[in-house]
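Here is what each chain is made of, one letter per residue.
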Amino acid sequence: MSSKPIRPVNVEDKLHFPTFRRLPEENDIDLTYYEERGFGYSPAVHWCLLVEIVEVIPWIRPMFNVKDLEGHKFLVAFHLDNNEEVASMNIRVGRTMSISHAHQHQFADGQVGIRLEDASSVKSFNCDLASFMKIGEDLKKQSSLCPVCNKSAELHCSSCTLRYCSKECQVADWKSKHKKVCGAGQQIMAWGKFNWKRFDFDRVL
Ligand SMILES: [Zn+2]
Ligand SMILES: [Zn+2]
């Protein structure tokens, strides 16, 4: 067995999980996220924006109105050669989407949102943003008590590691809510293994 338990990433961390207002602007060098390297600037750390889909805009390109943790609403527009990848992510109203290395973009009509030319920076989760944050909090607590009945937890979800007292409680929680947030939990654990403090272009979140 591995010795050191893997910690979930802290999704409350505003440096690595900034809200829209704190994102770097596309045409500016934001020294929170960039550093001088060689003859120019390179990203210094990794960051990831978390949003909930508010509206799917019917258009030839995939476009969504979204809101962040502050309730700020803005447009996310994909400009891709092939929209298959976005279609396969099943992005729907009420689901959470993560966008790594997002920048604020000013569209031609003056509104500020996010323009994406690469779908690989995006992930979609089967739960709303509040539930996404809640599973992050539950995993961070690493409670030794079962979230269903508060008895001592001996088992854990083999996918995301959330702990339970018994198979019965695990099954009950799966049916009532864990089924929707387990995927988010797995991502939060996977991000926990990731080095957010050193940026290099080879690694994707
Ligand atoms: Zn229990
Ligand atoms: Zn799970």
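Residues numbered from 1 in each chain as written. Chains lettered and ligands numbered in written order. Predicted model: local features only at pLDDT ≥ 70, side-chain atom pairs only at ≥ 80, totals over all residues. Heavy atoms only, no water.

**Description of the pattern of salt bridges**
For side chains of opposite charge, pairing can occur when their charged atoms come near one another. The cut-off we apply is this: We count a salt bridge whenever a side-chain nitrogen from Lys or Arg sits within 4 Å of a carboxyl oxygen from Asp or Glu. Secondary structure elements follow DSSP: runs of H or I no shorter than four residues count as helices, runs of E no shorter than two count as strands, and numbering proceeds from the N terminus. Throughout this description, buried means an accessible area under 20% of the type-specific maximum (1.4 Å probe, protein chains only), exposed means over 50%, and partly exposed covers the range between.
Taken as a whole and assessed by the stated rule, the structure comprises seven salt bridges. Two residues, E70 and R21, come together in a salt bridge whose shortest N-O distance is 3.1 Å. Here E70 is found in the loop between β4 (63-67) and β5 (73-78), whereas its partner R21 is found in the segment before β1 (34-37), with 49 residues between them in sequence. Judged by its relative accessible area of 43%, E70 falls in the partly exposed class. Accessibility expressed as a relative area gives 58% for R21, which makes it exposed. One salt bridge in this structure joins R115 and E117, with 2.2 Å as the shortest N-O distance. Relative accessible area serves as the criterion here: at 28%, R115 is assigned to the partly exposed category.

**Considerations on the packing of aromatic side chains**
Note the threshold: Classification of ring pairs rests on two measures: the distance between centres of Phe, Tyr or Trp rings, Trp counted by its six-membered ring, which must be within 6.5 Å, and the angle between planes, read as stacked under 30 degrees, edge-to-face over 60 and tilted in between.
Counted according to the given criterion, the structure contains nine aromatic pairs. Ring geometry for F64 and F78: centres 6.1 Å apart, planes at 90°, overall edge-to-face. Pair noted here: F64 is in strand β4 and F78 is in strand β5, with a separation of 14 residues, a long-range link. By the burial criterion, F64 is buried, and F78 matches it. Each residue in the set F17, W191, F194 and W196 is aromatic and connected to the rest through ring pairs, giving one cluster.

**What about unusual backbone geometry?**
Notably, H101 is not glycine yet its phi reads approximately 55°, a positive angle. For H101, the position within the fold is in the loop between β6 (96-100) and β7 (105-106). Its identity is not glycine, yet T161 carries a phi of approximately 80°, on the positive side. Structurally, T161 is set in the loop between β10 (155-156) and β11 (163-164). Given a relative accessible area of 34%, T161 falls into the partly exposed group.

**Let's talk about the UniProt feature "domain: MYND-type" (unreviewed entry) in the chain**
Cut-off, in case you're wondering: UniProt positions are given in the numbering used here, feature names are shortened, and annotations may be inferred rather than shown by experiment.
Sequence positions flagged by UniProt for "domain: MYND-type" (unreviewed entry) are, in local numbering, residues 146-182. Regarding residues 146-182, the helix share stands at 43% and the strand share at 11%, and the terminal C-alpha atoms are separated by 16 Å.

**Description of the nonpolar core**
As a reminder of what qualifies: Only buried Ala, Val, Leu, Ile, Met, Phe, Trp, Tyr and Cys residues count toward a nonpolar core, and they belong to the same one when joined by side-chain atoms within 4.5 Å. Start and end points for every domain follow an automatic or database-based domain assignment. Residue contacts are counted whenever heavy atoms from the two residues lie within 4.5 Å of one another.
Judged by nonpolar contacts, the single largest core of 28 residues is most densely connected at V11, F17, L50, F132, W191 and W196. Within the residue set of this core, elements represented by two or more residues are β3 (48-57), α2 (129-141) and α3 (167-192). The greatest single-element share of this core, amounting to seven residues, is contributed by α3. Two domains each provide a minimum of three residues to this core, namely domain 1 (20-125) and domain 2 (130-187). Setting aside anything within four residues of it in sequence, one finds W196 in contact with V9, H16, F17, V45, H46, W47, C48, W191 and L205. Formed by 26 residues, the second largest nonpolar core is a distinct cluster that contains F20, M89, M97 and A102.

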